[in-house]
Amino acid sequence: NAGVTQTPKFRVLKTGQSMTLLCAQDMNHEYMYWYRQDPGMGLRLIHYSVGEGTTAKGEVPDGYNVSRLKKQNFLLGLESAAPSQTSVYFCASSPPRQGAVTGEQYFGPGTRLTVT
Amino acid sequence: AQKITQTQPGMFVQEKEAVTLDCTYDTSDQSYGLFWYKQPSSGEMIFLIYQGSYDEQNATEGRYSLNFQKARKSANLVISASQLGDSAMYFCAMRETLNTGNQFYFGTGTSLTVIP
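Quick summary incoming for the structure in this document.

How each quantity is defined
- Residues numbered from 1 in each chain as written.
- Chains lettered and ligands numbered in written order.
- Predicted model: local features only at pLDDT ≥ 70, side-chain atom pairs only at ≥ 80, totals over all residues.
- Heavy atoms only, no water.
- Helix = DSSP H or I, 4+ residues; strand = E, 2+ residues; numbered from the N terminus.
- Rg over C-alpha atoms; globule rule 2.2 N^0.38 Å.
- Buried < 20%, exposed > 50% of the residue type's maximum accessible area, 1.4 Å probe, protein only.
- Contact = heavy atoms within 4.5 Å.
- Lys, Arg positive; Asp, Glu negative; His and termini not counted.
- Charge placed at Lys NZ, Arg CZ, Asp CG, Glu CD.
- Pairing = 2+ DSSP bridges.
- Axes fitted to C-alpha atoms, helices over the stretch in contact; angles between N-to-C directions.
- Disulfide = S-S within 2.5 Å.
- Salt bridge = Lys/Arg side-chain N within 4 Å of Asp/Glu carboxyl O.

### Here we look at the overall build of chain B
Part 1: In terms of regular secondary structure, chain B is built from zero helices and 12 strands.
Part 2: Moving toward the C terminus, one meets the helices and strands of chain B in the order β-β-β-β-β-β-β-β-β-β-β-β.
Part 3: Relative to a compact globule of 116 residues, whose C-alpha radius of gyration would be 13 Å, chain B shows 14 Å and is just as compact.
Part 4: Split into buried and exposed, the 116 residues of chain B put 51% on the buried side.
Part 5: Pairs at least 24 residues apart make up 55% of the contacts formed inside chain B by residues separated by at least 6 positions.
Part 6: Side chains of chain B give 8 positive and 11 negative charges; the mean places of these two sets differ by 2 Å.

### Describing the sheet that holds strand E1 (residues 4-7) of chain A
All names here are of chain A.
Part 1: Overall, antiparallel pairing links the four strands, which are arranged E1-E3-E8-E7 in an open sheet. The open sheet has two edge strands, E1 and strand E7 (64-67), and neither has a second partner. Direction aside, neighbouring strands of the sheet carry axes that sit 20° apart on average.
Part 2: When E7 meets strand E8 (residues 73-78), the two strands line up antiparallel, connected through four bridges. Pairing of Tyr64 across the sheet is with Leu78, part of E8.

### A word on the state of the cysteines
Part 1: Under the criterion given, the structure shown has two disulfides over all chains.
Part 2: At a sulfur-sulfur separation of 1.8 Å, the disulfide partner of Cys23 of chain A is Cys91 of chain A. One quick way to see it: the torsion about the S-S bond of Cys23 of chain A and Cys91 of chain A is about -75°, and its sign makes the bridge left-handed. Here the residue Cys23 of chain A occupies a position in strand E3 (residues 19-25), and Cys91 of chain A occupies one in strand E9 (residues 87-94), the gap between them amounting to 68 residues. The same class applies to Cys23 of chain A and to Cys91 of chain A, which are both buried.
Part 3: In this model, Cys23 of chain B is linked to Cys92 of chain B through a disulfide, with the two sulfur atoms separated by 2.0 Å. Because the torsion about its S-S bond is -65°, the bridge between Cys23 of chain B and Cys92 of chain B counts as left-handed. With a gap of 69 residues between them, Cys23 of chain B in the loop between strand E3 (19-21) and strand E4 (24-25) and Cys92 of chain B in strand E10 (residues 88-96) connect regions that are remote in the sequence. In this pair, the class of Cys23 of chain B matches that of Cys92 of chain B, namely buried.

### With respect to the environment of Leu69 of chain A
Residue and element names in this part refer to chain A.
Part 1: You can see Leu69 is positioned in the loop between E7 and E8.
Part 2: Given a relative accessible area of 71%, Leu69 falls into the exposed group.
Part 3: C-alpha of Leu69 to C-alpha of Gly51: the two residues are 18 residues apart in sequence and 9.5 Å apart in space.

### As for unusual backbone geometry
Part 1: Here the amide bond leading from Thr7 of chain A into Pro8 of chain A is cis, since omega sits at -5°, within 30 degrees of zero.
Part 2: For Pro8 of chain A, the location among the structural elements is in the loop between E1 and strand E2 (10-13).
Part 3: Residues other than glycine seldom take positive phi values, yet Lys73 of chain B does so here, at roughly 55°.
Part 4: The exposure class assigned to Lys73 of chain B is partly exposed, which follows from its relative accessible area of 29%.
Part 5: Not every positive phi belongs to a glycine, and Ala81 of chain B is a case in point at roughly 50°.
Part 6: Within the secondary structure, Ala81 of chain B sits in the loop between strand E9 (74-79) and E10.
Part 7: Under the relative-accessibility criterion, Ala81 of chain B is labelled partly exposed at 37%.

### As for the pattern of salt bridges
Residue and element names in this part refer to chain A.
Part 1: One pass over the full model with this rule turns up five salt bridges over all chains.
Part 2: Note that Lys71 and Glu30 form a salt bridge whose closest N and O atoms lie 2.8 Å from each other. You can see Lys71 sitting in the loop between E7 and E8 and its partner Glu30 sitting in the loop between E3 and strand E4 (31-37), a full 41 residues away along the chain.
Part 3: Judged by relative accessible area, which is 19%, Lys71 ranks as buried.

Structural data, given as structure tokens:
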């Protein structure tokens, strides 16, 4: 099992450019999440999905869009990148928390994005 | 209001000593899960330990234990017999079940340095 993978690992964008980050998981998890991590601010939730075809806004959704057309994939899009979006982006997936299943998140390795 | 509060930005501990990392949480949900993750300098997020809101006993996983005080809404991580490899960022997280549709909330983290 590959777990959670993210593509690309690094990217440099110019202001105004667009890009899509791909997250894939092979654990058949219902829930998927996109976070950004900035120094001193922990992980902040951008968008999340509770199942195929569904998405919801998290704490910091502005400037980002997402899609979950297939259960195993969760895409994060930046339509017009800004320097404030320079960050490390993590994708995560989890099963439901029920019974003996603790429902912890499994994280991808992260994508380091720089917007100049 | 912050859902997860970690008040110790940085901590130092002598090798082989025990250390407690503080975490308090805020929720009105009756069913929730509390998690601790470790992030070494390499950047990956590693799940350490889980405590369910209905669990009566404190969770333990090897050298990690979670000191769960429900009435005080605290979920402190205790690392016993610290090792140099424990130097990392540590994040406390909470997953609500009913209130917010299975969102996870993270604290801002505590940077732990183990001194030889």
